[in-house]
Amino acid sequence: MRVLFVEGKDRKALEALAHKLPHPYWLLAGEGVFLLEVFGASEEARALAEGLPGVRVWAFTLEDGVVYRGCGKKSATSP
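Cut-offs and rules
- Residues numbered from 1 in each chain as written.
- Predicted model: local features only at pLDDT ≥ 70, side-chain atom pairs only at ≥ 80, totals over all residues.
- Heavy atoms only, no water.
- Pairing = 2+ DSSP bridges.
- Helix = DSSP H or I, 4+ residues; strand = E, 2+ residues; numbered from the N terminus.
- Axes fitted to C-alpha atoms, helices over the stretch in contact; angles between N-to-C directions.
- Phe/Tyr/Trp six-rings, centres within 6.5 Å; stacked < 30°, edge-to-face > 60°.
- Buried < 20%, exposed > 50% of the residue type's maximum accessible area, 1.4 Å probe, protein only.

Undergrad: Before we go on, may I ask you to explain the sheet that holds strand E3 (residues 34-39) in this structure?
TA: Sheet strands pair via backbone hydrogen bonds, and the direction of the pair is either parallel or antiparallel. The 4 strands lie next to each other as E2-E3-E1-E4, forming an open sheet whose pairing is antiparallel. At either margin of the open sheet sits one strand with a lone partner, and together these are strand E2 (25-29) and strand E4 (56-61). For this sheet, the mean angle separating the axes of adjacent strands, direction not counted, is 15°. Two strands pair when backbone bridges link them, and strand E1 (residues 2-8) and E4 are joined in this way by 6 bridges, in the antiparallel orientation.

Undergrad: Which parts of the structure should I look at to understand the packing of aromatic side chains?
TA: To describe a pair of aromatic rings, one takes the distance between the centres and the angle between the planes. The tally for this structure, following the rule as stated, stands at 2 aromatic pairs. Residues Phe5 and Phe60 carry aromatic rings whose centres are separated by 5.7 Å and whose planes lie at 80° to one another, so their mutual orientation is edge-to-face. Of the two residues, Phe5 sits in strand E1 while Phe60 sits in strand E4, which places them 55 residues apart along the sequence. Summarising the aromatic geometry, the rings of Trp26 and Phe39 are spaced 5.9 Å apart at their centres and angled 75° between planes, so their arrangement reads as edge-to-face. With Trp26 in strand E2 and Phe39 in strand E3, this residue pair connects regions lying 13 residues apart in the sequence. The class for Trp26 is exposed, based on a relative accessible area of 53%.

What follows is the structure, given as structure tokens:
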């Protein structure tokens, strides 16, 4: 699976990009910057991201990961 990372300062532009794509995403906020993570991103998604002004774009192939392992205790956030 390809994961696309798009870093920029314009939240609305990153949100608009995310809403155009059929892929799951997360939008993270940092110190004056936003990071859009797009999961299962296509080459079309990367091309659209690279067309945005003032962003930096990276694409990686997911090698390993865990969605939810849990701690064995029930909580308000556990499934």
